[in-house]
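Okay, here's what each chain looks like letter by letter:
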Amino acid sequence: MVNAGRVDGGVHYHHHIGEDITRRLRRAARLSTERVNEVLATFCPSDSARYATFQKALGLHGVGVITGKSGTGRAFTAVHALAEAKPDTPIEQLTVDPTQKDAGISLINVDSGHSRFLDLTPLPELTGAQQVGLRGLVGESRKAGALMVIIAGPGQREEFLAELQAWLHIDEPARAEDVFQRTMERLCGAGTAERWLEATEVQKALEGAEPARALRLAQEAHRSRPSDQLSEEEETLWIKQTLEACADVTEELARWFKRNQRENEFRRVLLATVALLEGAHRSVIVHHAHRLAREWYVPSLWQTPISGDGLTAHLWEIGAHVRDDRVHFNRRGHGDDALDYLWREHPGTRTLVETWATEAVADLESPQRFEAARRWLGLARRHRDEAPVAALIEHWGDSYQLMWAAIPALAEAAVTPELGTQVRSALYRAVTASGATLRDRTVLEVCRVYGRVQPSTALTRIRHIAAKVPAHWDELLIQAVEDIAGEPGNIGIVVEALVSWHEKPGRGRVATVASLALCRLLAARGGESVPRVMIEMTEGQIDEGMVIAAWRAASHAGTQVGRPLWGWLDVLESGADEHRGFDVLCHAARGHERLSPAVKRGIGRWKHAHGRRAPALDGLSRWLDESEETR
């Protein structure tokens, strides 16, 4: 634990990887234009009449509610309704935080005219505080002239939701045939879509299928179309090859598992090993396949070093090969298919695989570790199951070798629509556990990255870390806060949070960290001529009263407050105080037992260092003296 605050690699990680990860997080948390266009092009309501009524009511009242079971297309419907009602308007997906008293609803900013949808299903029922927050959010949205759709579960019929007039309950998802027909007509034309739907094998493939499978089939048909003009024989071959490319992987793997029963069970182990460690050196694959086989009491295919077939033959049987001494599957994505099958059809393997993989991945080189972490994230997202990501927190997050590979995947998971709420809850549980461990360092770095996209929830978790770690963690905590504040639009949120940390009684270490961090944020950084807080205050991004409170809280950092104060005095004496720095310092220092003497000392030192008159600073000093005399 003593070394946990001194793990090497942080600066290198954030300089070289952090920006790329942040861009990926923005894409994960927001709806891209491409995604909205895809929804517009492929959406099919399960009940057209009810949906049309909902659309009309949403346009009239500005706020609507969509209910239904998971998998019925609630989010898809919300996006389509918003995009149709206000074309070319950005759509944001809002998330709740169950660890907050009001689920974080009061922290949501709806100043812009963007359309939004909020998923309440992670909350079993709305508490009084959450209903108050939701009422306020709806009011702010209407005031901003924005549209909002609230997604709720079938049992979430709280009184406030019932008051809203635009309602849509989805009984079942859209028919796969309808989705396929609409998508195919757009991509390949109405005539082609009709001929495909007349084919018996296409009807069989779509029967009882999910809308996502129909969409994939149409997209693959468009991608693999040989030409616009096809003979009957060529079109038949096109249909056959497309269906083979989109074959149900579950059925294919089920047949493969059935063929490889007890006598060839080691091949199943080898398949799982390559699926988790694809791209690893062949010696690493063999070593850890044997480890996993021992865990599962499976006899090896090689009873002696030279018995049985060689590695290449067995890899061929599982659809893999060796290239440049590294093992890869023949077909891209086969590893994900295999992991999905094991996770779904053999749930008893999950815990063992999670613990085994921690040691196995430690033998990989750095790029392969990052890829392995992304495989866990992909598995979790596809199954909407937080368990694979929780394993990254629990096992990888407590390992010096693996923590840096886990951080990008965990940060992305924390903002994804499928997993964000559950993952943030898991991070919260980790930091509120007793004692400070290396896992807390991992969570801190995760918050440092995902906090750029969702600052409020990340700062809550950083506050809990600050409450229990020793003083040598302070610089790490402050750097994390600075990184979050560095993202455009975040500094006001960060300053307000730090002031609240300081003002709450009994905070101890948390108040110390808040004061030190505020000193950093109030100072000019990296060649800035005017501190950023000053500029943000002038532009109305930060309330002047909040900056006054920030200065008072920062004064508790002792001599550290001198650095930001010096920068503000530079601006005041430059003669161009359009940033209202004079008024803020006057009101902040007036009568304050710590800040007032600090400002006076700072003025004296500034004048001594510059060796010249300072009319603006003299005026500030006189104002403080006069205010103290009147008191």
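Every residue gets a number counted from 1 within its own chain, in the order that chain's sequence is written. Since the coordinates come from a predicted model, pLDDT governs what is reported: local features require at least 70, and pairs of side-chain atoms require 80 or more to be given and counted, while whole-chain, interface and lining totals use all residues. Derived side-chain values reflect all non-hydrogen atoms in the structure, with water molecules and hydrogen atoms excluded from consideration.

1. Some remarks on the overall build of the protein chain
- Helical segments are the DSSP runs of H or I of at least four residues, strand segments are the runs of E of at least two, and each set is numbered from the N terminus. The helix and strand inventory of the protein chain stands at 33 helices and seven strands.
- Note on exposure labels: buried denotes an accessible area under 20% of the residue type's maximum, exposed denotes more than 50%, and partly exposed covers the range between, all computed with a 1.4 Å probe on protein chains only. Buried positions account for 52% of the 631 residues belonging to the protein chain.
- Considering only intrachain contacts with a sequence separation of at least 6, the fraction spanning at least 24 residues in the protein chain is 74%.
- What sets the accessible areas is the Shrake-Rupley method with a 1.4 Å probe; for residues, cover comes only from the shown protein chains. Carbon together with sulfur atoms contributes 48% to the accessible area of the protein chain, which is approximately 29200 Å² in total. Contacts are residue-level and defined by heavy atoms, with any inter-residue pair within 4.5 Å sufficient.

2. Describing unusual backbone geometry
- Unusually for a residue other than glycine, Asp324 sits at a positive phi of about 55°.
- The residue Asp324 is located in the loop between β6 (320-323) and β7 (326-329) in this model.
- Using a relative accessible area of 70% as the deciding quantity, one classes Asp324 as exposed.
- Backbone geometry at Arg384 places phi at a positive 50°, although glycine is not the residue there.
- Given the relative accessible area of 54%, Arg384 is considered exposed.

3. Some remarks on the pairing of strand β4 (residues 148-152)
- Across the five residues of β4, five count as buried, placing the element largely inside the fold.
- In this sheet, β4 lies alongside strand β1 (residues 63-68) in parallel orientation, the contact comprising five bridges. Paired with Thr67 across the two strands is Ala152, which belongs to β4.
- Two strands make a pair as long as DSSP finds a minimum of two bridges between them. Where strand β3 (residues 115-119) and β4 come together, four bridges link them in parallel fashion. The residue bridging Asp119 from the neighbouring strand is Ile151, located in β4.
- Once the chain exits β3 it traverses helix α6 (residues 128-143) before rejoining the sheet at β4, and the crossover so formed is right-handed. We call a crossover right-handed when, viewed with both strands directed away from the observer, the connection leading from the first strand over the helix to the second proceeds clockwise.

4. Details of helix α17 (residues 334-345)
- Given the number of residues in a helix, its expected span is that number minus one, multiplied by 1.5 Å. Over its twelve residues, α17 runs 16 Å from end to end, which matches the ideal 16 Å to within 8%, given 1.5 Å per residue.
- Where burial is concerned, most of α17 is hidden: nine out of the twelve residues are buried.

5. Focus on the packing of aromatic side chains
- Here a pair means two rings of Phe, Tyr or Trp (six-membered ring of Trp) with centres within 6.5 Å. Their orientation is stacked below 30 degrees between planes, edge-to-face above 60, and tilted elsewhere. Under the defined criterion, the tally for this structure stands at five aromatic pairs.
- For the pair Trp551 and Trp568, a centre-to-centre distance of 5.2 Å together with 90° between the ring planes defines the contact as edge-to-face. Taken as a pair, Trp551 in helix α29 (residues 544-554) and Trp568 in helix α30 (residues 562-573) lie far apart in primary sequence, 17 residues in all. Accessibility assignment for this pair places Trp551 and Trp568 in one class, buried.
- Three or more aromatic residues joined by ring pairs make a cluster, and in this case those are Phe43, Tyr51 and Phe76.

6. Here we look at the pattern of salt bridges
- Salt-bridge detection follows one rule: a side-chain nitrogen of Lys or Arg within 4 Å of a carboxyl oxygen of Asp or Glu. This model, assessed by the stated rule, comprises 31 salt bridges.
- Note that Arg50 and Asp47 form a salt bridge whose closest N and O atoms lie 3.8 Å from each other.
- Among the residues examined, Arg50 registers a relative accessible area of 33% and is labelled partly exposed.
- Its salt-bridge partner being Glu359, residue Arg291 comes within 3.4 Å of it at the nearest N-O pair. Residue Arg291 is found in helix α15 (residues 282-295), and its partner Glu359 is found in helix α18 (residues 350-361); the two are separated by 68 residues along the sequence.
- Classification of Arg291 by relative accessible area gives buried; the value is 10%.

7. Comments concerning the nonpolar core
- Here, the term nonpolar core denotes a set of buried Ala, Val, Leu, Ile, Met, Phe, Trp, Tyr and Cys residues that are joined through side-chain atoms within 4.5 Å. Judged by nonpolar contacts, the single largest core of 138 residues is most densely connected at Trp396, Trp551 and Trp568.
- When near neighbours in sequence (up to four residues on either side) are disregarded, Trp551 contacts Leu522, Val561, Pro564, Leu565, Trp568, Val584, Leu585, Ala588 and Leu595.
- Ala174, Ala176, Leu206 and Leu243 belong to the second-largest nonpolar core, a separate cluster that totals 24 residues.

8. Thoughts on the packing of helix α14 (residues 265-277) against α17
- For helices, the axis comes from a line fit to the C-alpha atoms of the stretch in contact; other axes are also lines fit to C-alpha atoms, and the angle between any two N-to-C directions lies between 0 and 180 degrees. Look at α14 against α17: their axes get within 9 Å of each other, and the N-to-C directions meet at 120°. On the basis of their axis angle, the class for α14 and α17 is oblique. Relative to α17, the crossing made by α14 is left-handed. Only His334, Gly335, Ala338, Leu339 and Leu342 of α17 make contact with α14, whose side of the interface consists of Leu271, Ala272, Ala275 and Leu276. Under this scheme an angle from 65 to 115 degrees is roughly perpendicular, one under 35 degrees roughly parallel, and one over 145 degrees roughly antiparallel; angles in between are oblique. Each crossing is labelled by how the near helix is turned from the far one, with a counterclockwise turn of less than a right angle marking it left-handed and a clockwise turn marking it right-handed.

9. Observations regarding the side chain of Thr42
- In this fold, Thr42 is placed in helix α3 (residues 33-42).
- Here Thr42 is in contact with Phe76, Val179, Arg182, Thr183, Arg186 and Leu215, once residues within four sequence places are set aside.

10. A word on the packing of helix α4 (residues 48-61) against helix α5 (residues 74-85)
- Contact geometry for α4 and α5: axes closest at 10 Å, N-to-C directions at 55°. By the criterion of interaxial angle, the relationship of α4 to α5 is oblique. Both α4 and α5 take part in a crossing whose hand is right-handed. Facing α4, whose interface residues are Tyr51, Phe54, Gln55 and Leu58, α5 presents Thr77, His80, Ala81, Leu82 and Glu84.
- A per-class count over the contact of α4 with α5 returns five nonpolar, three polar and one charged. Gly is put with the polar residues, along with every residue not named as nonpolar or charged; the nonpolar set is Ala, Val, Leu, Ile, Met, Phe, Trp, Tyr, Cys and Pro, and the charged set is Asp, Glu, Lys and Arg.

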